[in-house]
Amino acid sequence: MEGPPYEKDLMRLSEILGALHFLRPLCGGDDTPSWRTQMEDLLESETEDEKRRRRYIERFNQGYRGFSAIYRDCTPSARLAMRQYVEEGDSIISNVTSRYSR
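This write-up is about the structure you can find in this document.

## Comments concerning the environment of Val86
- Counting through the fold element by element, Val86 comes out in helix α4 (residues 76–100).
- Residue Val86 is classed as partly exposed on the basis of its relative accessible area, which comes to 27%.
- Residues Val86 and Ile16, 70 residues apart in the sequence, show an inter-C-alpha distance of 7.9 Å.

Written as C-alpha cells, this is what we have:
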C-alpha cells in the first residue's frame, strides 16, 4: 500500500468515522461537526491523490454499511460499539499526531 507510514491508521480511522456516521444518529446523537464532516476534513488534509482518496471513501462506506446492515434500532451493543469506536478513533488520532506531527 502506498502512502505515509500512518496510512493503515488513517484507513482504520476512515472506517470508524463511517460506522459512527451511521450509529450516532441511530442512537439519538447529534454531533457537531458530523462524522461525515470530520471525514471530509480528513480527505481534504490527507488525500491529494485520487486513488488514495477513493480508498479512504471506500473504508468510510464499509464502516457505514457494516452497521447499517445489522442495526435498525439503537441497542446496548450499538451503544457499546459507539463507545469503543470513539475510544479507538481518539487513540488513532493521538498516536498519529504525536508520532508524525500530523
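## Observations regarding helix α1 (residues 7–26)
- Along its 20 residues, α1 runs 29 Å from first to last C-alpha, staying within 8% of the 28 Å computed at 1.5 Å per residue.
- Of the residues trailing α1, Gly28 is marked for its positive phi of about 85 degrees.

## Focus: the packing of α1 against helix α3 (residues 50–68)
- Interaxial distance between α1 and α3 falls to 7 Å at its minimum, and their mutual angle equals 40 degrees. Between α1 and α3, the crossing angle belongs to the class labelled oblique. Of the two possible hands of crossing, α1 and α3 adopt the one that is right-handed. Packed against α1, whose contacting residues are Glu7, Leu10, Met11, Arg12, Ser14, Glu15, Leu17, Gly18, Ala19, His21, Phe22 and Leu23, the element α3 presents Arg52, Arg55, Tyr56, Arg59, Phe60, Gly63, Tyr64, Phe67 and Ser68 at the interface.
- Split by residue class, the contact of α1 with α3 holds 10 nonpolar, five polar and six charged.

Parameters at a glance
- Residues numbered from 1 in each chain as written.
- Predicted model: local features only at pLDDT ≥ 70, side-chain atom pairs only at ≥ 80, totals over all residues.
- Heavy atoms only, no water.
- Helix = DSSP H or I, 4+ residues; strand = E, 2+ residues; numbered from the N terminus.
- Buried < 20%, exposed > 50% of the residue type's maximum accessible area, 1.4 Å probe, protein only.
- Expected span 1.5 Å × (residues − 1).
- Axes fitted to C-alpha atoms, helices over the stretch in contact; angles between N-to-C directions.
- Parallel < 35°, antiparallel > 145°, perpendicular 65-115°, else oblique.
- Left-handed = near helix turned anticlockwise from the far one by under 90°.
- Contact = heavy atoms within 4.5 Å.
- Nonpolar A, V, L, I, M, F, W, Y, C, P; charged D, E, K, R; others polar.

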